[in-house]
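Reading the structure
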Amino acid sequence: MEILRTIDLCKSYGKNETKVEALKNVNISINQGEFVAVVGPSGSGKSTLLHLLGGVDSPTSGKVIIDDTDIYSLKERELSIFRRRKVGFVFQFYNLIPVLTAEENLLMPLLLDNKKPDIKYIEELLTILNIKERRHHLPSQLSGGQQQRVSIGRALAYKPSIILADEPTGNLDSKNSKEIIELLRYSVKKFNQTLIVITHDLNIAKQADRVISIEDGIIAKDEVVR
Ligand code: ADP
Ligand code: MG
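Analysis parameters
- Residues numbered from 1 in each chain as written.
- Chains lettered and ligands numbered in written order.
- Predicted model: local features only at pLDDT ≥ 70, side-chain atom pairs only at ≥ 80, totals over all residues.
- Heavy atoms only, no water.
- Helix = DSSP H or I, 4+ residues; strand = E, 2+ residues; numbered from the N terminus.
- Rg over C-alpha atoms; globule rule 2.2 N^0.38 Å.
- Contact = heavy atoms within 4.5 Å.
- Areas by Shrake-Rupley, 256 points an atom, 1.4 Å probe, with all protein chains shown as cover.
- Lys, Arg positive; Asp, Glu negative; His and termini not counted.
- Charge placed at Lys NZ, Arg CZ, Asp CG, Glu CD.
- Buried < 20%, exposed > 50% of the residue type's maximum accessible area, 1.4 Å probe, protein only.
- Axes fitted to C-alpha atoms, helices over the stretch in contact; angles between N-to-C directions.
- Parallel < 35°, antiparallel > 145°, perpendicular 65-115°, else oblique.
- Left-handed = near helix turned anticlockwise from the far one by under 90°.
- Near = heavy atom within 4 Å.
- Polar contact = N/O pair within 3.5 Å; in protein donor to acceptor, adjacent residues only side chain to side chain.
- Pairing = 2+ DSSP bridges.

With that out of the way, let us pick up the overall build of the protein chain. Looking only at helices and strands, the protein chain features 7 helices and 11 strands. Against the 2.2 N^0.38 benchmark of 17 Å for 226 residues, the protein chain shows a C-alpha radius of gyration of 17 Å, consistent with a compact globule. Once local pairs closer than 6 in sequence are excluded, the contacts in the protein chain between residues at least 24 apart make up 69%. Of the accessible surface of the protein chain, which amounts to about 11300 Å², a share of 50% is contributed by carbon and sulfur atoms. One way to put it: in the protein chain the 31 positive side-chain charges average out to a point 4 Å from where the 29 negative ones average out.

Okay, helix 1 (residues 46-53) next. For helix 1, the buried fraction is high: 6 of the 8 residues fall into the buried class. Inspection of helix 1 places Lys46, Thr48, Leu49, Leu50, Leu52 and Leu53 among the buried residues, and these make up the whole buried set. Phi turns positive one or two residues past the end of helix 1, at Gly55, with a value near 75°.

The geometry of helix 3 (residues 102-112) relative to helix 5 (residues 144-156) is characterised by a closest axis approach of 7 Å and an angle of 30° between their N-to-C directions. Judged by the inter-axis angle, helix 3 sits roughly parallel to helix 5. Here helix 3 runs over helix 5; the crossing is right-handed. Here helix 3 contributes Ala102, Asn105, Leu106 and Pro109 to the contact with helix 5, which in turn contributes Val150, Gly153 and Arg154.

Glancing now at the site of ligand 1. Close contacts around ligand 1 come from Tyr13, Val20, Ala22, Pro41, Ser42, Gly43, Ser44, Gly45, Lys46, Ser47 and Thr48, and that covers them all. One nitrogen or oxygen atom from the side chain of Ser47 is found 2.9 Å from an oxygen atom belonging to ligand 1. One of the side-chain nitrogen or oxygen atoms of Thr48 is found 2.5 Å away from an oxygen atom of ligand 1. Within the complex, 58% of the 560 Å² of free accessible area of ligand 1 lies under protein. Residue assignment for the shell around ligand 1 shows that the elements contributing at least two residues are strand 2 (20-26) and helix 1.

Right, let's talk about the pairing of strand 11 (residues 218-224) for a bit. Look at any regular strand and the pattern is simple: side chains alternate between the two faces of the sheet. Of the strand pairs in this sheet, strand 10 (residues 210-215) and strand 11 are connected by 6 bridges, and their pairing is antiparallel. By the bridge assignment for strand 11, Ile212 is matched with Asp222. The antiparallel pairing of strand 10 with strand 11 creates a hairpin that spans 2 residues between the two strands, and Asp216 there sits at a positive phi of about 50°.

Structure, rendered in structure tokens:
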């Protein structure tokens, strides 16, 4: 079943001689439960695509349809609520709030929405992510791998249907990278989520169901690998 689709998605930055066409007529369709790796050279438009899929930037033209909703036709406020509930983001540099504990960071999306956390599920997340003993620590008191596990927890806290990760292991050593990817794969399977990961790591791309290659703002290859 399709969960996400783009229609002639275009994004350009700047004007006249400084104009950059970061994405040119991108058409992709992604099914629920798929694990998609996005690869391509630096500057090819990968992050731009991910941001547009997650509703954090707006396209120059074209559409992003998630669960039959044309997300950029929503009002600003509706879009931010939609984003919080449907999409979980994981970034290379974790983007945790430094003055909040691991647990508070993890609960952030729910708190922003005045939602009561499902305690059982949150405890389960802390256990799966192996951060229970660190729940009251600040990000600065955690290792890179632990910080990334907290940020995965934050992405999963709302049980979103789509997880978007922009080079989530780009800042980690190979042992931690392996753990992070295993955790992401495990949780998306368990909760039947769709996972889209930008990566330079061939070992990660190899584990995906599908690999989309972007070159110069265009989908150069789109291969189902398993
Ligand atoms: P990637 O993630 O594949 O490295 P990006 O999506 O970040 O690529 O960038 C694609 C192109 O768009 C690059 O040429 C980049 O310089 C340009 N770009 C990205 N963000 C901006 C911005 N905010 N303003 C101007 N140009 C940008
Ligand atoms: Mg990028």
